[in-house]
Amino acid sequence: EIVYPDILCLGKALTGGYMPLGATLTNDKLAHGISDTGGVFMHGPTFMANPLACSVSLASVNLLMQSPWQARVRNVERSLIEHLSPLARLGSTVK
C-alpha cells in the first residue's frame, strides 16, 4: 500500500544547510481545511520569504535536480535494506 503524508515539513534540505529556510506542504484536503481557498498557510516567522534564503534554496534545488539524485537514493535504499533487514530476526523489533 502506498502511503502519502498529510503534512510534509522541509527545512535544511531546501538550502542545502547554507541558510535557515523551511516550508510546510500539505495535501489539498488539509490545505482547504486551513483556508477556504486552499491557499498559503501563513504563520508569520521572522525569516518568512527571506529573498536571500529563497535564492539560495532555488540554487540548491537546481543543483539537486541536475545531479543523479535518484541513483543516490536507490543506493542508500539498497544499503539500508541490506544492513537493517537482518535486524528483523531479533525478537525485540517491530516487523
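Each remark here, short or long, concerns the structure printed above.
Note that the coordinates shown come from a computational prediction; the quantities given were computed from them, not determined experimentally.

## Some thoughts on the overall build of the protein chain
Each helix and strand counted, the protein chain has four helices and two strands in total. The order of α-helices and β-strands along the protein chain, N terminus first, is β-α-β-α-α-α. Counting every atom, the protein chain has about 8100 Å² of accessible surface; 63% of that belongs to carbon and sulfur.

## Focus: the environment of Asp6
Looking at where Asp6 falls in the secondary structure, it is placed in the segment before β1 (7–10). Of the polar contacts made by the side chain of Asp6, one reaches the side chain of Asn27; its length is 2.9 Å.

## Concerning a nonpolar patch on the surface
Judged by side-chain polarity, Val76, Leu80, Leu84, Leu87 and Leu90 come together as a nonpolar surface patch covering roughly 440 Å² of accessible area. If you trace the backbone, Leu87 turns up in the segment after α4 (69–84). Judged by relative accessible area, which is 39%, Leu87 ranks as partly exposed.

## Focus: helix α3 (residues 51–65)
For α3, spanning 15 residues, the distance from its first C-alpha to its last is 21 Å, which sits close to the expected 21 Å at 1.5 Å a residue. The inward-facing, buried residues of α3 contact α1 (12–15). The backbone nitrogen of Leu52 lies 2.9 Å from a side-chain oxygen of the residue at the head of α3, namely Asn50.

## Let's talk about the side chain of Ser57
Relative to the elements of secondary structure, Ser57 occurs in helix α3. When sequence neighbours within four positions are dropped, the list of residues in contact with Ser57 reads Leu14, Thr15 and Leu21.

## Some thoughts on the environment of Ser55
Mapping Ser55 onto the fold places it in helix α3. In the structure, Ser55 is positioned 40 residues away from Thr15 in sequence and 8.7 Å away in space, judged by C-alpha atoms.

## A look at the side chain of Ser60
Along the chain, Ser60 falls in helix α3. Assessed through its relative accessible area of 18%, Ser60 is described here as buried.

The rules behind these values
All residue numbers refer to positions counted from 1 along the written sequence of the respective chain. In keeping with the model being predicted, local features are shown solely for residues with a pLDDT of at least 70 and side-chain atom pairs are shown and tallied solely at 80 or more, while totals for entire chains, interfaces and linings include all residues. Water and hydrogen atoms were dropped before computing side-chain values, which therefore reflect all heavy atoms in the structure. Helix numbers and strand numbers start at the N terminus; a helix is a DSSP run of H or I with at least 4 residues, a strand a run of E with at least 2. Note on areas: Shrake-Rupley with a 1.4 Å probe; residue coverage comes only from the protein chains shown. Here a polar contact means two N or O atoms within 3.5 Å. Within protein one must be a hydrogen donor candidate and the other an acceptor candidate, and residues neighboring in sequence count only if both atoms are side-chain atoms. Without a salt bridge and with relative accessible area above 30%, a residue can belong to a patch; like charges are then joined within 9 Å and nonpolar side chains (Val, Leu, Ile, Met, Phe, Trp, Tyr) within 5 Å. Think of a salt bridge as a Lys or Arg side-chain nitrogen and an Asp or Glu carboxyl oxygen that are within 4 Å of each other. Remark: exposure states derive from per-residue accessible area (1.4 Å probe, protein chains only) relative to the maximum for the residue type, with buried under 20%, exposed over 50%, and partly exposed in between. Every helix has an expected span of 1.5 Å times one less than the residues it contains. In what follows, a contact means two residues having at least one pair of non-hydrogen atoms within 4.5 Å.

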